[in-house]
Every structure is written in structure tokens, then in C-alpha cells.
Amino acid sequence: MASNETSHLDHCDIDQAALRPVSLPPPQVLAQVALGTPLLCDALRLARWSAPETPVSEPGVPGPESARAAIERFGLWPYGLVRDRGARLAWLRDLGSAADAAEFMAPWQAAVVLGMIELDADRARPAPGLEECVHDHEEVLDWWRRLFEDAVRCARGGLLDPDPPESHRPELLPAVLLRLYEGPDGARVPLPSLATSAPPFPGAPPLPLGPEPDPDLVLHLLWQLSDTGAVILSPSRSGPWAPPQRCPRSDGDDGDGTDHGSGTPHSPAAPDPAGYPDVELTDLGRYGVHRLLLRRGVRAPLAEDLAVTGAPEFLDSLARVSEGDRGALIDPWLARRTPEEALEEIVLAVTDPRLTLRRRLGATVLHMVSSRLTPRLRAMLRDADRVAAGLAALVLLSSRMLPQEEIDAVLDRFGPWLVLDLASSARSGAHDLTAALAFAFPSGLDTSLLENADRLWLCGHPYTVSALEAIGRLHRDPRVARAAVGAAGRIRLRGL
């Protein structure tokens, strides 16, 4: 038995396909934010500016004079000219074609692709119903999502360069976005760490083996994406990177009475080789990544939807949330069930002896209503199913409501099983092991529970040896660690 045992660090305890639950603002709020993002905002400005109609060439591009007027009105200058008014005016005077103005062409093409602008042979005008669409949050989010997905798919060397550079890695940006998505909401992550720790995006080509991605390449890809408002690049707490601002517009009003903030930072900064920024995934960015994940068939739950999910999915989602944030998810889930219903659901969800982490999390949930379940839990201690009985013992011990004689009786019967079950649920080193064991043993683990190898072996836990070895490696009390190593050795000899 022992020789065939799987390491507790390797067995599949939770749904590995599920990602951590994230929170999103209501769609109406997301749509309002989307309208203020640089690329979509400029696309909408240009669509309105084209009224009543604007002459265009055969490819649907305004002439130089029209482009110059729009560039000056909306501040669509090349980033390198932001701080030099004289250079801007000289560049504008020499502009021979709108196609040579990337910062104008990107939002113009976006407006055309999104259907904001209607083109015929030689005229451009706002599409019929444009203003109605602006007030339809579903339409606005569809516009934004299309820009976001196009930016993720096409991020490359230059805004209008049809050919990606030799260093282009189409799998890198989705991987970086997944790394940000899996982190806490609002977290600012140093860019160099994104280049070294990004997991592969589900369904995307795997990240190639070899040198880590160049942080400059990651910065360039994120810089392009930041025009959609999906990410924010901000000065690092430890570096000198600082974005320049786009020039103030001469007209900050779109004509609808809405001031989108002329004179404020409006567009991403060009990469500064002096340092790297911190990166934050915005609410819109989480929305966009969430949509991409769902399209790839990945379980990407929303926190606000977890209350109606069953216990297996709920507990697996809790495993991906920090301990301090779990209460905000547990309360709504319990509010939709009686304590008895919650107990029945969780017992069925953790019945497989190998589901140690799910069982520990189930006990965490039931701990919140343990005072209303005490008679049921005491009855479950007599259950022939050792997993269900062990769960009841764990919840009762964690409730701290039992008298000492009852605690001693529960530990005498279930102590060895609980030691192994809790130890094998630990996933992140000594701190997690200590927290897991403290759930049932607040005063510390008594070495007497580890000294009887026969009892540990006969309790039948599927991860007996690997759990003892983990205690031996990670437990901070040398006496407990030695006792666990000794017990593991004796059991291995017996198993052979």
C-alpha cells in the first residue's frame, strides 16, 4: 500500500481547470468606463467629428487637411512629440497623408470596423443610430470587447505595421494577462516578474522553452494594450519609469455635454528604457480576460455567481481565494441554504478520501454554522463512513464548543486520521501546514498522535506516508518533525 502511494502534493484535489473567482462591476458601470478608454473614446470622437460628412479617399481615409484638423482638435499627436509644440506644428504642416499618422489612423480604423462610421464611395459620416448605441451598455461592451480581443491578437511592433517583428510571440500577451487575472483584484505587479512567471493561457500555444521573455517585449505589448484601458502602467515603487502625458486637447467636449478630461493622462507612455512600470489589470481587463476564458471553455467563475453553485464547484473556487477573502464568498452561499442543507451538500462533495483540501474547506464553511449543527455532527461521529465521521469530528473540534472530556474522546478516535487529512491538505509550505493543523489542534500537535505507527497505518488514509513526510519536512517543532519522520519510516518498512 505504502509503495503505491501518491505524493499529497501531486494528487488532484481540486478542479484544476477552474480559475479563481473574480468580481466585476455591473455591465452598466463597465460600459461607462469603456466609453472613457483612450481607443474607444477617440474612435467615438472621430465618428461624431465626421458629421455631417467628411470626404475620404478610396480606402476610406480622410484627406490630409481633414486629418490635420482632427489631430489638432483631439490631440492625436505622435508620442515622441508630446512635449514639443514647435515639433508638433512642423510635423502637422508636413503631413502628406492621414495614413502616415498612426495615432489618428488607429481610432479612425477602429470606428470604421466597429460600425460607428458609415462609408460610401467618397464620403464618411456617423452611422445611423450611433447615439442610441452609445446609450446601450451591451453595444458599448461589444465595441470594447472587439477592440480588446483585436489588441490581444494583433499586438506587434507598430500600430500600423502589418507584419509582426521577429521577436513577436503571440502566446506571450495572453499568458501575461492570465497571470494578472489570477492575482488579487487591484494588485500592481512589477513588470519584470510578469515576464518570468506567466502561465500558459488555456487553449493557446504553450510558452516555448528557452530564455525568459525580454521585459522590453512584455512592456511593448502591454503598452499597446493599455490604449484599450485593460491594463494600467504606473510608475514602479522601485524604479524610475514615468509615462509622459498626451497633449491637452483644444476641445475636451464631445458635443454631448460629457467632459472626458482634457489635459489629463489619456494614452499610454512609450517604453522608457530607464526602468519598468508596475502593471494592474483593470475591471475592464478582468471582464475581457473572463470573456476570453469562457470562449476557451475554461471554468472562470464570478464571485457574485458562486452563491448558486453546488458545493463541489464552490469549494474548489474557495481554494483559489486568499483566506482573508473567503468570508465574503461563504456568507452568501450559506444564506441560500439551511445549515442542514449545507452539511448534506458538503458531505457529498468531500466523500472521496483523496479530496483533502476540499474537505478542509468544507469544514471551514460548516464552522460558520457549527453551533446550529452540533446534534447532527455528534450523530455523524458514529457514521460507518470514516470520511463523513472525520469531517464531523473536524468541524466539532474547530467549533471550540466541546468540553475537554469530549475533545479527548474525539481525538482518541479520530486524531490520527485528522492529522493525516489536514497535513495532506496543506499546499504552500510550513505556514499552510501550521494553519491546517491548528484548525483541529489549536494548542499544537501532540507527538503522541505520531508515535503509534500501527494506528496511523490502520486508519486507512490514502496519503499516510506522504502526509507524515510533509510534517517531517515542514513542522516547526523538531520533536513533532522527528516523530513524523520516524512513523513514516516504520510504515514504509511495514508496507514493503
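Not measured: the values here are computed from a predicted model.

A count of helical and extended segments in the protein chain gives 23 helices and six strands. When each of the 496 residues of the protein chain is scored for burial, the buried share is 50%. Considering only intrachain contacts with a sequence separation of at least 6, the fraction spanning at least 24 residues in the protein chain is 75%. Carbon and sulfur atoms make up 53% of the accessible area of the protein chain, which amounts to about 22,300 Å² in all.

All right, on to the environment of alanine 349 then. The residue alanine 349 is located in helix H14 (residues 339-349) in this model. Those residues in contact with alanine 349, other than ones at most four positions away along the chain, are Ala311, Pro312, Leu315, Leu355 and Arg358.

Turning our eyes to something else, we now look at the packing of H14 against helix H15 (residues 356-367). At their nearest, the axes of H14 and H15 sit 10 Å apart, and the two run at 175 degrees to each other. Judged by the inter-axis angle, H14 sits roughly antiparallel to H15. The segment H14 lies against H15, with Ala342, Leu343, Ile346 and Ala349 engaging Arg358, Gly362, Val365 and Leu366. Counted by class, the contact of H14 with H15 contains six nonpolar, one polar and one charged residues.

So, about the packing of aromatic side chains. Evaluation of the coordinates by the stated rule reveals six aromatic pairs. Taken together, a centroid distance of 5.9 Å and an interplanar angle of 20 degrees make the contact between phenylalanine 104 and tryptophan 108 stacked. Here tryptophan 108 and phenylalanine 104 lie together in helix H5 (residues 102-113), a separation of four residues that amounts to about one turn. This pair shows no difference in class: phenylalanine 104 is buried, exactly as tryptophan 108 is.

As a further point, take helix H13 (residues 327-335). Of the residues making up H13, those classed as buried are Leu329, Ile330, Trp333 and Leu334. Buried positions in H13, seen along its axis, are confined to an arc of 120 degrees and lie on one side of it. Opposite the packed face of H13, turned more than 90 degrees from it, sit the exposed residues Ala328 and Ala335. Check the buried side of H13 and you find it contacts helix H12 (311-318), H14 and H15.

Time to look at unusual backbone geometry. A cis amide bond links alanine 51 to the next residue, proline 52, at an omega of -5 degrees. By the secondary structure assignment, proline 52 is in the loop between helix H2 (38-49) and strand S1 (54-55). Phi angles above zero are rare outside glycine, and arginine 400 is one such case at about 60 degrees. Within the secondary structure, arginine 400 is located in the loop between helix H17 (386-399) and helix H18 (404-425).

We now examine the confidence of the model for the protein chain. When pLDDT is averaged along the protein chain, the result is 83; 82% of the residues meet or exceed 70. Under a pLDDT of 50 for its full length, residues 157-167 has, in the predicted model, 15 contacts with residues more than four places off or in other chains. Below pLDDT 50 for its whole length, residues 244-274 participates in 67 contacts with residues either more than four positions away or in separate chains.

Turning next to empty space enclosed by the protein. Applying the stated criterion across every chain yields a total of three cavities of 30 Å³ or more. One number sums up the size of the largest cavity: a volume of about 50 Å³. Lining of the largest cavity is provided by Leu180, Tyr181, Gly183, Pro184, Asp185, Gly186, Ala187, Val189, Glu280, Leu281 and Arg286. Within the residue set of the lining of the largest cavity, elements represented by two or more residues are helix H8 (172-182) and strand S6 (278-281). In terms of residue class, the lining of the largest cavity is built from six nonpolar, two polar and three charged.

Criteria and thresholds
Going along each chain's sequence as written, the residues are numbered from 1 onward. Owing to the predicted nature of the model, reporting of local features is limited to residues with pLDDT of at least 70; listing and counting of side-chain atom pairs is limited to 80 or more, with chain, interface and lining totals taken over all residues. Working from all heavy atoms in the structure, the side-chain values ignore hydrogens and water. Here a helix means four or more residues in a row that DSSP labels H or I, a strand means two or more in a row labelled E, and each is numbered from the N terminus. The rule is simple: take the accessible area with a 1.4 Å probe, protein chains only, and divide by the maximum for that residue type; under 20% is buried, over 50% is exposed, in between is partly exposed. Contacts between residues were defined by any pair of non-hydrogen atoms, one from each residue, lying within 4.5 Å. Every accessible area reported is derived by Shrake-Rupley at a probe size of 1.4 Å, with residue values counting cover from the shown protein chains alone. Axis lines are fitted to C-alpha atoms, over the contacting stretch for helices. Their N-to-C directions set the angle, which ranges from 0 to 180 degrees. Under this scheme an angle from 65 to 115 degrees is roughly perpendicular, one under 35 degrees roughly parallel, and one over 145 degrees roughly antiparallel; angles in between are oblique. All amino acids are sorted into three groups, where Ala, Val, Leu, Ile, Met, Phe, Trp, Tyr, Cys and Pro are nonpolar, Asp, Glu, Lys and Arg are charged, and the leftover types, Gly among them, are polar. Only Phe, Tyr and Trp rings are paired, with Trp represented by its six-membered ring, and only when their centres lie within 6.5 Å; those with planes under 30 degrees apart are stacked, over 60 edge-to-face, the remainder tilted. The arc refers to the directions leading from the helix axis to the C-beta atoms. Predictor confidence is given residue by residue as pLDDT, running from a minimum of 0 to a maximum of 100. Points on a 1 Å grid, built from protein atoms alone, make a cavity when a 1.4 Å probe fits but cannot get out and make a pocket when they are open with protein on both sides within 12 Å along at least 5 of 7 lines; residues with an atom within 4 Å of a point are the lining residues. Grid points are joined across faces, edges and corners, and a volume is the space filled by probe spheres set on the points.

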